[in-house]
Amino acid sequence: QVQLVESGGGLVQAGGSLRLSCATSESAFFGFYTFGWYRQAPGKQRDLVASIAPDGNTYYSESVKGRFTISRDNAKNPMRLQMNSLKPDGTAVYYCNKDSDPYLTWGQGAQVTVSS
């Protein structure tokens, strides 16, 4: 099955920055479907935080708007999420996937921990 691999997580102080990458065994998918970044904080549901369509249009949740930037150079390059001005409530496991059914099999995710 198609694999999704998230990378770039880590520990960062509040106000710091981190960049996540999402790679797939079927890179062409990035050029055909809207892909998004999701995050799941402890005790919370998994929520969409940003997405990018094949035409380059982007979406951001209200909680990250102005601080996060989603990008995809082309179908062969990883999808990325640049996270600036990180807050402690950004602590979560971050996942990438299509922003539509049927979803691909979820990857392991990237752990992001933001300290005060």
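What you are looking at is a predicted structure, and each value in this text was computed from that prediction instead of being measured.

A few words now on the sheet that holds strand S7 (residues 68-72). Each strand in a sheet pairs with another by means of backbone hydrogen bonds, the pair being arranged parallel or else antiparallel. On the basis of which strands lie adjacent, the open sheet formed by four strands has the order S1-S3-S8-S7 and antiparallel pairing. Of all strands in the sheet, those bounded by a partner on one side alone are strand S1 (4-7) and S7. Mean inter-strand twist for the sheet, computed between neighbouring axes without regard to direction, equals 15 degrees.

Across all of its chains, the model carries four aromatic pairs by this definition. Aromatic side chains Tyr38 and Tyr103 sit 6.4 Å apart centroid to centroid with 80 degrees between the ring planes, which places their arrangement in the edge-to-face category. A residue pair is termed long-range when its members are at least 10 positions apart, and Tyr38 in strand S4 (residues 35-40) and Tyr103 in the loop between strand S9 (92-98) and strand S10 (110-115) qualify at 65 residues. Looking at Tyr103, the relative accessible area reads 38%, which means it is partly exposed. Consider the rings of Tyr103 and Trp106, whose centres lie 5.8 Å apart with planes at 25 degrees: the pair is stacked. Given a relative accessible area of 28%, Trp106 falls into the partly exposed group. For Arg46, the ring lying beneath its charged end belongs to Trp106, and the centroid distance is 3.6 Å.

About the criteria used
Residues numbered from 1 in each chain as written. Predicted model: local features only at pLDDT ≥ 70, side-chain atom pairs only at ≥ 80, totals over all residues. Heavy atoms only, no water. Pairing = 2+ DSSP bridges. Helix = DSSP H or I, 4+ residues; strand = E, 2+ residues; numbered from the N terminus. Axes fitted to C-alpha atoms, helices over the stretch in contact; angles between N-to-C directions. Phe/Tyr/Trp six-rings, centres within 6.5 Å; stacked < 30°, edge-to-face > 60°. Buried < 20%, exposed > 50% of the residue type's maximum accessible area, 1.4 Å probe, protein only. Lys NZ or Arg CZ within 6 Å of the ring centre and 35° of its normal.

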